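Examination of the molecular architecture
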Amino acid sequence: DDDALRVDAAFAKAYSAREQKRLDARRAAGGDGVLDAGVASSSDSESSDDDGAAALTPRVEADVLKTMAAIRRRDAAVYDGTTA
């Protein structure tokens, strides 16, 4: 059937390997190793972009995710300069 879902096995294997590498790096850096389901690595070159990610502590990451969620909700408090 042309309507059947097809999976490119080579792509799936490469994707899994990238995600495992990312997970291992996060664990090695002292993170909990839990990847956000909404954020996926788009390429292997991303690791060079993460060289300065040591400053991204779990607390900072949580604050960033909360802020992003507020922006998506169009929460007016995000744009109010008096809120922290």
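Each chain has its residues counted from 1, following the order in which its sequence is written. Reporting of local features is limited, given that this is a predicted model, to residues whose pLDDT is at least 70; pairs of side-chain atoms are given and counted only at 80 or more, and all residues count toward the totals for whole chains, interfaces and linings. Working from all heavy atoms in the structure, the side-chain values ignore hydrogens and water.

Considering the overall build of the protein
Counting its regular elements, the protein contains 3 helices and 0 strands. The N-to-C order of helical and strand elements in the protein reads α-α-α. Per-residue accessibility takes into account occlusion by the displayed protein chains alone, with areas from the Shrake-Rupley method and a 1.4 Å probe. Element-wise, carbon and sulfur atoms account for 55% of the exposed surface of the protein, whose accessible area totals about 7,100 Å². Secondary structure elements are taken from DSSP: a helix is a run of H or I of four residues or more, a strand is a run of E of two residues or more, and numbering for both begins at the N terminus.

Section: the pattern of salt bridges
Take a side-chain nitrogen of Lys or Arg and a carboxyl oxygen of Asp or Glu: if they are within 4 Å of each other, that pair is a salt bridge. This model, assessed by the stated rule, comprises 3 salt bridges. For E19, the salt bridge identified is with R22, shortest N-O distance 4.0 Å. Highlighted residues: E19 and R22, both in helix α1 (residues 9-28), separated by 3 residues, approximately one helical turn. The cut-offs for exposure are 20% and 50% of the maximum accessible area for each residue type, with area from a 1.4 Å probe on protein chains only; residues under the lower value are buried, those over the upper are exposed, and the others partly exposed. The class for E19 is buried, based on a relative accessible area of 14%. Measuring nitrogen to oxygen at the nearest pair gives 2.6 Å for the salt bridge that ties E61 to R26.

Concerning the packing of aromatic side chains
Here is the rule: rings of Phe, Tyr and Trp (six-membered ring for Trp) pair when centre to centre is within 6.5 Å. Planes less than 30 degrees apart are stacked, more than 60 are edge-to-face, and the remainder are tilted. Inspection of every chain in the model, using the stated rule, returns 1 aromatic pair. Centroid distance F11 to Y15: 6.3 Å. Interplanar angle 25°. Geometry classified as stacked. You can see F11 and its partner Y15 sitting in helix α1, 4 residues apart, about one turn around the helix.

Coordinates in, geometry out; function isn't part of it.
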